[in-house]
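Fold and geometry: a report
One letter stands for each residue in the lines below.
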Amino acid sequence: MNLPRLGLMLAALLALAACGEEGWHGKSIEGLMPELEFRLTSETGETVTEQVFEGRPVAMYFGFTHCPDICPATLARLVAAVRRLPEPQQERLQLAFVSVDPERDGPEQLRDYTDAFSERMLGLTGTQKQLKTLTRRYRTTYGYEERREDGSYEVSHSSAIFVFDADLEPRLMLLDSLGVAEIAADLERLLQ
Amino acid sequence: MKIVSGVLLVIVLLAGALWWVSDMAPAEPIEIENPRVRLVPGGAPMAGYFSITNHTDAPIRLVSAASDAFGHVMIHRTVVTDGGARMEHQDQGVLVGAGETVAFEPKGLHLMLMRAQRELEVGDAVDVVFGFEGVEPAEYRVTFTVVPVTSS
Ligand SMILES: [Cu+2]
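Overview of the structure. Numbers given to residues run from 1 along each chain, matching the order in which its sequence is written. Chain letters and ligand numbers both follow the written order, the letters beginning at A and the numbers at 1. Thresholds applied to this predicted model are a pLDDT of at least 70 for local features of residues and 80 or more for the giving and counting of side-chain atom pairs; totals over whole chains, interfaces and linings are not thresholded and use all residues. Neither water nor hydrogens contribute to the side-chain values; these are computed over all heavy atoms in the structure.

1. Some remarks on the layout of surface pockets
Our working definition: Two kinds of site are reported from a 1 Å grid over the protein atoms alone, namely cavities, where a 1.4 Å probe fits but cannot get out, and pockets, open sets with protein on both sides within 12 Å along at least five of seven lines, and residues are called lining when an atom falls within 4 Å of a point. Grid points are joined across faces, edges and corners, and a volume is the space filled by probe spheres set on the points. Only DSSP runs of H or I covering at least 4 residues are called helices, and only runs of E covering at least 2 are called strands; the numbering of each starts at the N terminus. Asp, Glu, Lys and Arg are counted as charged, while Ala, Val, Leu, Ile, Met, Phe, Trp, Tyr, Cys and Pro are counted as nonpolar; the rest, among them Gly, fall into the polar class.
In this model, the largest pocket occupies a volume close to 270 Å³. Together, 23 residues line the largest pocket, and Arg139, Thr140 and Thr141 of chain A together with Asp82 and Gly83 of chain B are the ones closest to its centre. Of all elements in the fold, only strand 8 (155–158) of chain A together with strand 4 (70–81) and strand 5 (84–89) of chain B reach the threshold of two or more residues within the lining of the largest pocket. Residues belonging to the lining of the largest pocket are distributed by class as follows: 10 nonpolar, nine polar and four charged. Its boundaries defined by the atoms lining it, the second largest pocket holds a volume of some 190 Å³. Lining the second largest pocket, in full, are Leu39, Val40, Pro41, Gly42, Gly43, Met46, Arg115, Ala116, Arg118, Glu119 and Leu120 of chain B.

2. What to know about the environment of valine 63 of chain B
Residues and elements named next belong to chain B. Note the cut-off: We call a residue buried when its accessible area falls under 20% of the maximum for its residue type, exposed when it is over 50%, and partly exposed in between, using a 1.4 Å probe and counting protein chains only.
By the element assignment, valine 63 lies in strand 3 (residues 60–66). Owing to a relative accessible area of 33%, valine 63 belongs among the partly exposed residues under this scheme. The sequence separation of valine 63 and phenylalanine 130 amounts to 67 residues, and the corresponding C-alpha distance is 7.6 Å.

3. A look at the environment of leucine 113 of chain B
Residues and elements named next belong to chain B. What counts is decided by this rule: Any two residues whose heavy atoms approach within 4.5 Å at even a single point are treated as in contact.
Note that leucine 113 resides in strand 8 (residues 109–116). Spatially, the C-alpha atom of leucine 113 lies 6.0 Å from that of alanine 47, the residues being 66 residues apart in sequence. With residues near it in sequence (within four places) discarded, leucine 113 still touches Val37, Pro45, Met46, Ala47, Gly48, Phe70, His72 and Val73.

4. Regarding the coordination of the copper ion
Residue and element names in this part refer to chain B. Short version of the rule: For Na, K and Ca the donor cut-off is 3.2 Å, and for all other metals it is 2.8 Å, counting N, O and S atoms only; because water is absent from this set, sites may look incomplete. Angular criteria define each label, namely tetrahedral for four donors with all angles between 85 and 135 degrees, square planar for four and octahedral for six donors with opposite donors over 155 degrees apart and remaining angles between 65 and 115, and irregular for whatever fails these tests.
Within the protein, the atoms that donate to the copper ion are His76 (ND1), Met87 (SD), His110 (NE2) and Met112 (SD), at distances of 2.1 to 2.6 Å. Around the copper ion, the four donor atoms are arranged such that angles at the metal cover 89 to 125 degrees; this shape is classified as tetrahedral. Positions of the donor residues of the copper ion, expressed as sequence spacing, correspond to H-x10-M-x22-H-x1-M. One end of the pair, histidine 76, is in strand 4; the other, histidine 110, is in strand 8, and 34 residues separate them in sequence. Note on accessibility: histidine 76 and histidine 110 belong to one class, buried.

5. Looking at the interface of chain A and chain B
Our working definition: Two parts placed together each lose some accessible area; with a 1.4 Å probe, that loss summed over both constitutes the buried area. One speaks of a salt bridge when a side-chain nitrogen belonging to Lys or Arg is within 4 Å of a carboxyl oxygen belonging to Asp or Glu. Under the rule applied, a polar contact is a pair of N or O atoms within 3.5 Å (in protein, one hydrogen donor and one hydrogen acceptor; residues adjacent in sequence only if both atoms are side-chain atoms). Any two strands with at least two DSSP bridges between them are considered paired.
Across the contact, 27 residues belong to chain A and 29 residues belong to chain B. Overall, the association of chain A and chain B removes approximately 2,100 Å² of surface from exposure, summing both partners, and the carbon and sulfur fraction of that is 59%. The largest share of the area that chain A buries against chain B comes from Pro68, Asp69 and Arg148 of chain A, three residues that together contribute 27% of it. For the pair chain A and chain B, the interface holds two salt bridges. For aspartate 150 of chain A, the salt bridge is made with arginine 115 of chain B, and the minimal N-O distance between the two is 2.6 Å. Along the contact surface separating chain A from chain B lie nine residue pairs in polar contact (both at pLDDT 80 or more). When residues of the side of chain A that touches chain B are traced back to their parent elements, those giving at least two are helix 2 (70–83), helix 4 (107–117) and strand 8 of chain A. Looking at the side of chain A that touches chain B residue by residue, the classes come out as 10 nonpolar, nine polar and eight charged. Relative to strand 5 of chain B, strand 8 of chain A runs antiparallel, the two sharing two bridges.

6. A closer look at a negative patch on the surface
Residues and elements named next belong to chain A. Applicable threshold: Note that patches include only residues with greater than 30% relative accessible area and no salt bridge, and the join distances are 9 Å for like charges and 5 Å for nonpolar side chains (Val, Leu, Ile, Met, Phe, Trp, Tyr). The Shrake-Rupley method, run with a 1.4 Å probe sphere, supplies the accessible areas, and residue values consider only the shown protein chains as cover. Residues scored as positive are Lys and Arg, those scored as negative are Asp and Glu, and His as well as the terminal groups of each chain are ignored. Working definition for charges: the position is that of NZ of Lys, CZ of Arg, CG of Asp or CD of Glu.
Together, Glu108, Asp112, Asp115 and Glu119 make up a negatively charged patch on the protein surface. Secondary-structure assignment places glutamate 119 in the loop between helix 4 and strand 6 (121–125). The exposed category is assigned to glutamate 119, whose relative accessible area is 75%.

7. Side note on the state of the cysteines
Residue and element names in this part refer to chain A. Rules: The term disulfide is used for any two cysteine sulfur atoms that are within 2.5 Å.
Going through the model one piece at a time under the given rule, you end up with one disulfide over all chains. With a sulfur-sulfur separation of 2.3 Å, cysteine 67 is cross-linked through a disulfide to cysteine 71. Taking the sign of the S-S torsion, about 100 degrees here, the bridge from cysteine 67 to cysteine 71 comes out right-handed. Taking relative accessible area as the criterion, cysteine 71 reaches 0% and is therefore assigned buried.

8. Examining unusual backbone geometry
Cis geometry is found at the peptide bond from glutamate 136 of chain B to proline 137 of chain B, where omega equals -5 degrees. Tracing the sequence through the fold places proline 137 of chain B in the loop between strand 9 (125–133) and strand 10 (139–147). One non-glycine residue, arginine 139 of chain A, lies in the positive phi region at around 55 degrees. On the basis of relative accessibility, which here comes to 61%, the residue arginine 139 of chain A falls in the exposed class. Its identity as a non-glycine residue notwithstanding, asparagine 34 of chain B has a phi of 50 degrees, on the positive side. Position of asparagine 34 of chain B relative to the elements: it lies in strand 1 (residues 30–38).

Spelled out as structure tokens, the structure:
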């Protein structure tokens, strides 16, 4: 076999692999992580658990509102993908933004922020203990960088969107490399 | 013979014109395209995006950005590694090679615009003053447009 042909075959194989296991664009986490469970404070100021989603599938992102670049970029892609879904699916899917920066993200700040993206996006945050429990459950982390002179600081956080089904079982991790069409395709398939 | 020399003359004139045009210095040594600020509600920092082209024949360095509309402006890069995201302050500034274009775009280089001094709305204009090394004048004022948070 000549080299160019081998190259083409490898490229085709890679393209297949890039499509992910079982044809998902995202990473399937079915059966790999425990079902959704948390105790947090919602954007209305109430203490809530996973029951707040009332048995609806959830797309959840961990971030912070003082994140000007990747958080809005990711949430905007998610919202754009949701808009491509058939209407009934759009209404079923719950969006959640969990701030890992409770010091700056009080309920009001969270509400302003999430409402700017979608009325179906719920803002949540909690104590460090509550947030650590939840992020560890999904094998992700967050951390704070050194404070600047004006007291501001950066937060490192997970870049993926976690999708849970109506039974609160974790199903997909939508990595930040996915485009709107790929996210929409995965969500549509999951919500069928 | 007359025709041949006529054609030759036209070719020489055209080539001359082309050479003259290509040798003309661009109107501006630095070109900033599509400058925009993505509106974030709730007083949180916003990101500024644009692309910058260096039309000079030497590298230049973008070293600072400031705006009357914001308390503080920093040059940042978002770095995504292994499922995690964080921002890196570009304390050396950003180098733009001779004739090159560098894009400030979502999930990459961005201006971090902190502490808005007034309530901004989509469609507002915000002036940013860039500071450069390696080019004169060293300061460059650019008008950014405020765009919705859901835009890219
Ligand atoms: Cu930044």
